[in-house]
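Coordinate analysis (summary)
So you can see what is in the structure, the chains are spelled out below.
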Amino acid sequence: MQTMRKFLLILLCLSCCAGALHAQGRHEINAFLGGYKAEFLQADNTDFFGFVFGNLDFEVTHSGDLADLYEPHYYIQSSPVLTLCYHYSINSWLRVGAQADLSYLSGKITYNMGNRPRTQFKQTMLDLLPEAKFMIPGSRHFRLYGKVAAGVQMNMGTLMSSSPVEFAWEIAPIGAEWGGQRFYGNAEFCWGNVIRGIRIGMGVRF
């Protein structure tokens, strides 16, 4: 519920900003609510924590044998991913800009044996990615596009062994805009280490 309130607040701010600006049509701002963070979808992999957080000395195991009783067990939760994008229209098919993504992973690490204490963690991730958006010719009320983005992910949280800055990338092979020329809805399928799946949102052009 708190995430949804933040998302609606962003949309309200976009509307207010658009009303105060002249309708030039070369600028656009989009706010999205996406699925789980990409790393969360890889939580069943045995190298999950090595992939995400780098230098931790343990890994997930799923062997089911006696030795597995002494291995760590992870309970992980992911927030939705909030995304804010800005684009400037170079021509009818190319727009350039950047996106910012905010999300977090949280959970605990427990052991069945060995009297090792339970560890709580929370990792907040802020992604900043310059990007290019490629428009596909269509009607005024329905437009398809693709996007590529690459930048950095900044990690902030209780897992001190994580790298503070990591490479971040995302490809949206297909996205769609529908509605008017000023206000419109949109959705896109994404693949990368920001999110893997669908994000939906609203945009304003001015």
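A brief structural summary. (Residues numbered from 1 in each chain as written. Predicted model: local features only at pLDDT ≥ 70, side-chain atom pairs only at ≥ 80, totals over all residues. Heavy atoms only, no water.)

Brief notes about the packing of aromatic side chains
- Overall, the coordinates contain 1 aromatic pair when judged by the stated rule.
- Between W93 and F134, the aromatic rings sit 6.5 Å apart at their centres with planes inclined by 15°, giving stacked as the arrangement. One end of the pair, W93, is in the loop between β3 (80-89) and β4 (94-111); the other, F134, is in strand β5 (residues 119-136), and 41 residues separate them in sequence.
- The lysine or arginine in question, R199, covers the ring of F32, its NZ or CZ lying 5.6 Å from the ring centre. (Phe/Tyr/Trp six-rings, centres within 6.5 Å; stacked < 30°, edge-to-face > 60°. Helix = DSSP H or I, 4+ residues; strand = E, 2+ residues; numbered from the N terminus. Lys NZ or Arg CZ within 6 Å of the ring centre and 35° of its normal.)

Remarks on the side chain of H87
- Tracing the backbone shows H87 in strand β3.
- By relative accessible area, H87 is classed as buried at 1%.
- There is a polar contact of 2.5 Å between the side chain of H87 and the side chain of E131.
- If we skip the residues at most four places from it in the chain, H87 touches R26, H27, E28, N30, R95, V96, G97, E131, K133 and K147. (Buried < 20%, exposed > 50% of the residue type's maximum accessible area, 1.4 Å probe, protein only. Polar contact = N/O pair within 3.5 Å; in protein donor to acceptor, adjacent residues only side chain to side chain. Contact = heavy atoms within 4.5 Å.)

Quick notes on the nonpolar core
- Counting 8 residues, the largest nonpolar core is built from V81, L129, A149, A168, A172, C190, V194 and I195.
- Leave out the neighbours within four places in its chain, and C190 touches E170, I171, A172, I195, R196, G197 and R199.
- With 7 residues, the next largest nonpolar core counts Y74, I76, I109 and F121 among its residues. (Core = buried A, V, L, I, M, F, W, Y, C linked by side-chain atoms within 4.5 Å.)

A short note on the pattern of salt bridges
- What the rule picks out here adds up to 12 salt bridges.
- Two residues, R143 and E177, come together in a salt bridge whose shortest N-O distance is 2.9 Å. Of this pair, R143 sits in strand β6 (residues 142-157) while E177 is found in strand β7 (residues 165-179), placing the two residues 34 residues apart along the sequence.
- Residue R143 is classed as buried on the basis of its relative accessible area of 8%.
- Note on E177: relative accessible area 0%, which makes it buried.
- Residue E177 is joined to R205 by a salt bridge in which the shortest nitrogen-to-oxygen separation is 3.1 Å. (Salt bridge = Lys/Arg side-chain N within 4 Å of Asp/Glu carboxyl O.)

Focus on a nonpolar patch on the surface
- Residues I136, F142, L144, I174, W178, F189, W191, I198 and I200 make up a contiguous nonpolar surface patch of about 840 Å² in total accessible area.
- Counting only elements with at least two residues in the nonpolar patch, the list comes to β6, β7, β8 (183-192) and β9 (197-205).
- In this structure, L144 sits in strand β6. (Patch = residues over 30% accessible without salt bridge, like charges linked within 9 Å, V, L, I, M, F, W, Y side chains within 5 Å. Areas by Shrake-Rupley, 256 points an atom, 1.4 Å probe, with all protein chains shown as cover.)

Things to note about the side chain of N186
- Tracing the backbone shows N186 in strand β8.
- Separated by 2.9 Å, the side chains of N186 and N30 make a polar contact.
- Ignoring sequence-local partners within four residues, the contact set of N186 consists of N30, F32, Y145, A176, E177, W178, R199, I200, G201, M202 and G203.

Here we look at the pairing of strand β2 (residues 72-78)
- Of the two faces of β2, the one lined by P72, Y74, I76 and S78 is fully buried and the one lined by H73, Y75 and Q77 carries no buried residue.
- Pairing between β2 and β4: 7 bridges, direction antiparallel. Each bridged residue has a counterpart across the sheet, and for H73 the counterpart in β4 is T110. (Pairing = 2+ DSSP bridges.)

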